[in-house]
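Structure assessment
Chain by chain, the residues run as shown.
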Amino acid sequence: MKNHQSTIALVDDHALLRKAVNYRLTGMGYKVVLEAENGQQFLEKLEEKASPSPDLCLLDINMPVMNGFETAAQLKKKWPAIKIIFFSMNDGTGYKNKAKELGADGYICKDASSEEFIKVLYTLLPPAV
């Protein structure tokens, strides 16, 4: 198995949060290759991108223009290999069930502990050592 630095896309409408999460992910050994403030912008960037798609998308649910659920449905149709972790303030069962229905690989609440955040990420994308 080759030593591959896992790549991540961040899709969230809060710029400061994207910057903080990007910093955290980079410190964990991941490479953030794409950022977007809503689902439509993310999908457009994926269409334009000449380089390989990210391994994983950290996707907010409540965003303007195109929300995370709509984005996930499109993503799974066109880029089924990209793993999806929903990253949201919503901790309700309804949201988690909808995420599963759409084929999400994980769900992290924004108020989760660092340990929980790391555990979910490492389960889907072990860090390259």
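Let me begin by describing the structure that accompanies this report. Source: prediction; values computed, not measured. (Residues numbered from 1 in each chain as written. Predicted model: local features only at pLDDT ≥ 70, side-chain atom pairs only at ≥ 80, totals over all residues. Heavy atoms only, no water.)

Looking at the nonpolar core
- Counting residues in hydrophobic clusters, the biggest one holds 24 residues, and the most contacted among them are F42, L46, L59, L75 and F86.
- Elements represented by at least two residues in this core include exactly β1 (7-11), β2 (31-36), α2 (39-48), β3 (56-59), α3 (68-78), β4 (83-88) and β5 (106-109).
- Contacts of L75, omitting those with residues within four sequence positions, involve F42, L43, L46, C57, P80, I82 and I84.
- One finds V21, L58, I108 and L121 within the second-largest nonpolar core, a separate group that totals 17 residues. (Core = buried A, V, L, I, M, F, W, Y, C linked by side-chain atoms within 4.5 Å. Buried < 20%, exposed > 50% of the residue type's maximum accessible area, 1.4 Å probe, protein only. Helix = DSSP H or I, 4+ residues; strand = E, 2+ residues; numbered from the N terminus. Contact = heavy atoms within 4.5 Å.)

Structural notes on the packing of α2 against α3
- Between α2 and α3, whose axes approach to 9 Å, the crossing angle comes to 20 degrees. Taken together, the axes of α2 and α3 lie roughly parallel to each other. Relative to α3, α2 is oriented so that their crossing is right-handed. Between α2, through G39, F42, L43, L46 and E47, and α3, the contact on the second element is made entirely by T71, Q74, L75 and K78.
- For the contact of α2 with α3, the per-class residue count stands at 4 nonpolar, 3 polar and 2 charged. (Axes fitted to C-alpha atoms, helices over the stretch in contact; angles between N-to-C directions. Parallel < 35°, antiparallel > 145°, perpendicular 65-115°, else oblique. Left-handed = near helix turned anticlockwise from the far one by under 90°. Nonpolar A, V, L, I, M, F, W, Y, C, P; charged D, E, K, R; others polar.)

Here's the deal with the packing of aromatic side chains
- Counted according to the given criterion, the structure contains 5 aromatic pairs.
- Note on F69 and F86: the rings are 5.3 Å apart at their centroids and 70 degrees apart in plane angle, and the pair reads as edge-to-face. Of the two residues, F69 is situated in helix α3 and F86 in strand β4; the sequence distance between them amounts to 17 residues.
- Given the relative accessible area of 0%, F86 is considered buried.
- Summarising the aromatic geometry, the rings of F87 and F117 are spaced 5.9 Å apart at their centres and angled 55 degrees between planes, so their arrangement reads as tilted. With a gap of 30 residues between them, F87 in strand β4 and F117 in helix α5 (residues 114-124) connect regions that are remote in the sequence. With respect to burial, F87 and F117 carry one shared label: buried.
- Among the aromatic side chains, those forming a connected cluster through ring pairs are F69, F86, Y95 and Y107. (Phe/Tyr/Trp six-rings, centres within 6.5 Å; stacked < 30°, edge-to-face > 60°.)

A word on the pairing of β3
- Residues L56 and L58 point to one face of β3 and C57 and L59 to the other, with burial holding for every one of them.
- Across 4 bridges, β1 lies against β3 in parallel orientation. By the bridge assignment, V11 is partnered in β3 with L59.
- Considered for its hand, the β-α-β crossover made up of β3, α3 and β4 is right-handed. (Pairing = 2+ DSSP bridges. Right-handed = clockwise from strand over helix to strand, strands pointing away.)

Keep in mind these values describe shape, not function.
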